[in-house]
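Structure assessment
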Amino acid sequence: MKTILHSAAGGAAIFFLIGTSTSALEALLTLQNETLKVEFNPASKRFSMAARATPSAFVTNGQLSAEGGLAKLTKVSDPTFGRGQAIEVSYPDGNGDTIMLFPKLPFVLFRASRHNNRPAATVTRKLQTLSAAVALGRPAAELTTLGTGGLLAPDKNPGGMKAAADNIKAHGLVPGIWFMPFAGTYYDPFFKAHQDWFVKRENGEPFETAWGGTCLDMTHPGARTYLHDNIRRIGHEWGYQYFKMDGLWTGTGTRQVYVNSGYRDDNLGESVLHNPEKTNLEAYRDGLKLVRAAAGKNTFILGCCTPQNMRSYGGAFGLVDAMRIGPDNGANWKSLLRGPTFGTRQYFLHGRVWYNDPDPVYVRASLPLVQAQAICSWVALSGQLNLSSEWMPELPADRLDLLKRTLPNHGLLPRPADLFEDPLPRLWLLTDNRRSPRRDVVGIFNWNDQEQTFDYPLSRLGLADNVEYVAFDYWQNSLAPLIQGRLQLSVPPQSCRILAVRPRLDRPQLLSTSRHITQGIVDVREEKWIDADKILRGRSQIVGNDPYELRVALPAGGQSWSVKAVEITKRDRAAGVKTTVKEADGLVRVTLESPASREVSWSVRFAK
């Protein structure tokens, strides 16, 4: 059984999903789809459930949240499940229960709604939902339940936060959790005896902020103990090692000024702290120090939206691993630009003070392909924190492939070359000097709604004006025209060009690879030309079952080169690595395929 709690104005709704494959009874009010049949007796107020394929009910004597009530058949519509049928039971106090069944869904959904018709808030400490007898024709010891701990015996699947974290770890992943460390709700019954834990206004009232709740006072010992215990529980008892901590400005006891691109007065100093000798920013920084100490060094801490209150920026320096540097984005072009906008303005913090978090990339099918390529390219090239909010199982293969081309992070410090020329810089340069030969990747982004022509002197990119360069266009999957003196090209609206650039040589050279948008920077471990043997040799880290292409540029002009042989080591051949080669349009394309991820040593022998 799965439980989902949704809050709503005036009350809350609880959904239950029950599903199996057994039998049926007849009743006065009946719901049925291809798989299940539900019957409700208005006289006894009891329900039963059966699978349509078998004659007996597997749920009997089902009781809803209350006795009595009036029942009726009705139709329902849900944004997720579509249109369905329902049995609706309403009670005199305004509460209600609904049993719902949708086409092609092998679950019955139960919704319990609660209504407060009093002028003041009410607190419900226990909520009766439903109860029923379940008979599946087998002893209880043979049954399994699906919950947050996985598919386990009923007494081994208690659920809860620790079970969810353990299940995530079992899949080789790191469990993460979203929460607001410095915010509470002063009128929550839990805080009734702890009103002194909150920052105050001059009139003594708790310091309440828009959306963020009530600010906890990080100069008060009780509030600090409360926070410390929460962090210890989340990190050490439950086992979450990735914290996304939102609403951090509440730790400063200041007003929210979200969304904020520049200085705005947040009335710093108007709040009253328990310790008057502490400033707002000292209190905030002390709170972050407490979080870091309680969480431990191995917990990745992502702060959220401190920069919206510009004066609280520095308070988090050195105490968080990453920071959201702008407002929420979304899966549309206007919202997507928020990441590059705020990430570019603050690019100098990334990799130096913390990892910039520009909010997720989006690749879903509703987004035009060129827009998805552009946002993936910007994140991959800038090297800023790479997150995704997509539901992976439903992504088309070509869109999932876009995300694959952004991973892993290159770990370098690129820069926007036109930072002071455009409100949203359009030219990014990534240079890798860690190995020889040097690699340069240039990103040209057209953020506008019309096609644009770009014309930059190569000196702007740190390239020599008197050298001729060859370039490979990643998304066009082809050689670009030779470049000398100036970079001149047109870019369609809301799209980008990602060029791997190398000085033109009189011999073959590795110009690009297919694995990553940075075209060799994250995957090529070694590249060497042996002139005496006319061999280009290297090592590449390739991904299992992902065809990996080496793009080797041939010299232009009168010299003629051809591939004589492509070779890999005996060990790589034994591991199942296969090679193919194609020559066309001044390129040699060598494809390596491996059934498992591994480093492959390769060589391409040329004849001239």
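First, a word on scope: everything that follows refers to the structure included in this document.

Cut-off values and rules
- Residues numbered from 1 in each chain as written.
- Predicted model: local features only at pLDDT ≥ 70, side-chain atom pairs only at ≥ 80, totals over all residues.
- Heavy atoms only, no water.
- Helix = DSSP H or I, 4+ residues; strand = E, 2+ residues; numbered from the N terminus.
- Areas by Shrake-Rupley, 256 points an atom, 1.4 Å probe, with all protein chains shown as cover.
- Pairing = 2+ DSSP bridges.
- Axes fitted to C-alpha atoms, helices over the stretch in contact; angles between N-to-C directions.
- Salt bridge = Lys/Arg side-chain N within 4 Å of Asp/Glu carboxyl O.
- Buried < 20%, exposed > 50% of the residue type's maximum accessible area, 1.4 Å probe, protein only.
- Polar contact = N/O pair within 3.5 Å; in protein donor to acceptor, adjacent residues only side chain to side chain.
- Contact = heavy atoms within 4.5 Å.
- Expected span 1.5 Å × (residues − 1).
- 1 Å grid on protein atoms, 1.4 Å probe; cavity = no way out; pocket = protein on both sides within 12 Å on 5 of 7 lines; lining within 4 Å.
- Points joined across faces, edges and corners; volume = space filled by probe spheres on them.
- Nonpolar A, V, L, I, M, F, W, Y, C, P; charged D, E, K, R; others polar.
- Phe/Tyr/Trp six-rings, centres within 6.5 Å; stacked < 30°, edge-to-face > 60°.
- Lys NZ or Arg CZ within 6 Å of the ring centre and 35° of its normal.

What follows deals with the overall build of the protein chain. Regarding its fold elements, the protein chain presents 8 helices and 37 strands. In terms of its C-alpha atoms, the protein chain occupies a principal-axis envelope of roughly 95 × 70 × 45 Å. Looking at the protein chain as shown, the accessible area adds up to about 29700 Å², and 52% of this sits on carbon and sulfur atoms.

In this section: the sheet that holds strand 18 (residues 242-245). Strands sit in the order 14-18-19-20-21 across an open sheet of 5 strands; the sheet is parallel. Pairing within the sheet leaves two strands with one partner each, and these edge strands are strand 14 (176-179) and strand 21 (355-357). The mean angle between the axes of side-by-side strands here comes to 20°, regardless of whether they run parallel or antiparallel. Sheet analysis places strand 18 next to strand 19 (residues 300-304), joined by 4 bridges and oriented parallel. Residue pairing for strand 19: lysine 244 is matched across the bridge by leucine 302.

What the rule picks out here adds up to 29 salt bridges. One salt bridge connects glutamate 270 with arginine 201, and the closest N-O pair in it is separated by 4.0 Å. Placement of glutamate 270 in the loop between strand 18 and helix 3 (280-295) and of arginine 201 in the loop between strand 15 (183-184) and strand 16 (208-209) is noted, with a sequence separation of 69 residues between them. Judged by relative accessible area, which is 25%, arginine 201 ranks as partly exposed. Note that arginine 438 and aspartate 440 form a salt bridge whose closest N and O atoms lie 2.7 Å from each other. In this structure arginine 438 comes out as partly exposed when scored by relative accessible area, which is 35%. A single network of salt bridges, built from pairs that share partners, joins Asp401, Lys404, Arg405 and Asp546.

One open sheet holds the 5 strands; their spatial order is 3-4-5-6-11, and the pairing between them is antiparallel. The open sheet is flanked by strand 3 (29-32) and strand 11 (131-134), the only strands paired with a single partner. The average angle at which neighbouring strand axes cross in this sheet is 15°, direction not considered.

By secondary structure assignment, the location of lysine 45 is in the loop between strand 4 (36-41) and strand 5 (46-51). Within the structure, lysine 45 has its side chain in polar contact with the backbone oxygen of proline 42 (distance 2.4 Å). Those residues in contact with lysine 45 that lie beyond four places of it in its chain are Phe40, Gly62, Gly68 and Gly69.

Here we come to helix 6 (residues 369-382). When the terminal C-alpha atoms of helix 6 are compared, their 20 Å separation across 14 residues agrees well with the 20 Å that a helix rising 1.5 Å per residue should span. Burial analysis of helix 6 places 12 of its 14 residues in the buried class, the great majority of the element. Where helix 6 is buried, its residues meet helix 4 (333-336), helix 5 (338-345), helix 7 (397-404), strand 23 (427-432), strand 24 (439-446) and strand 29 (495-503). The first or second residue beyond helix 6 is glycine 383, which carries a positive phi of 75°.

The next thing to look at is empty space enclosed by the protein. Following the criterion strictly, the structure yields 6 cavities of 30 Å³ or more and no others. Taken as a whole, the largest cavity holds about 90 Å³ of empty space. Lining the largest cavity we find Asp432, Arg435, Ser436, Pro437, Arg439, Gly520, Ile521, Val524, Glu526 and Glu527. It is strand 31 (residues 524-530) that provides the largest number of residues to the lining of the largest cavity, a total of 3 residues. The class makeup of the residues in the lining of the largest cavity is 3 nonpolar, 2 polar and 5 charged.

To continue, consider the pairing of strand 7 (residues 70-78). Pairing geometry for strand 7 and strand 8 (residues 82-90), over 9 bridges, is antiparallel. Bridge pairing in strand 8 places threonine 74 opposite alanine 86. The turn linking strand 7 back onto strand 8 is made up of 3 residues.

The subject of this paragraph is the packing of aromatic side chains. Aromatic rings considered in pairs are described by the distance between their centres and by the relative angle of their planes. In this structure the tally under the stated criterion is 28 aromatic pairs. Between phenylalanine 47 and phenylalanine 110, the ring centres sit 5.1 Å apart and the planes meet at 45°, which makes this aromatic pair tilted. Taken together, the residues phenylalanine 47 in strand 5 and phenylalanine 110 in strand 10 (residues 108-113) connect sequence positions 63 residues apart. Between tryptophan 561 and phenylalanine 606, the ring centres sit 6.3 Å apart and the planes meet at 80°, which makes this aromatic pair edge-to-face. Linking tryptophan 561 in the loop between strand 33 (548-553) and strand 34 (562-568) with phenylalanine 606 in strand 37 (residues 598-607), this pair joins segments that are 45 residues apart in sequence. Of the two residues examined, tryptophan 561 and phenylalanine 606, each falls in the buried class. Every member of this aromatic cluster is reached through a ring pair, and the members are Phe190, Phe191, Trp197, Phe198 and Tyr226. The ring of phenylalanine 207 carries arginine 201 above its face, with NZ or CZ at 4.1 Å from the centroid. Sitting above the plane of the phenylalanine 342 ring, arginine 345 keeps its charged end 5.1 Å from the centroid.

Buried residues dominate helix 5, accounting for 6 of its 8 residues. When we look at burial in helix 5, the residues that qualify are Gly339, Pro340, Thr341, Phe342, Gly343 and Thr344. Those residues of helix 5 hidden inside the fold are in contact with helix 4, strand 21, helix 6, strand 22 (415-416) and strand 23.

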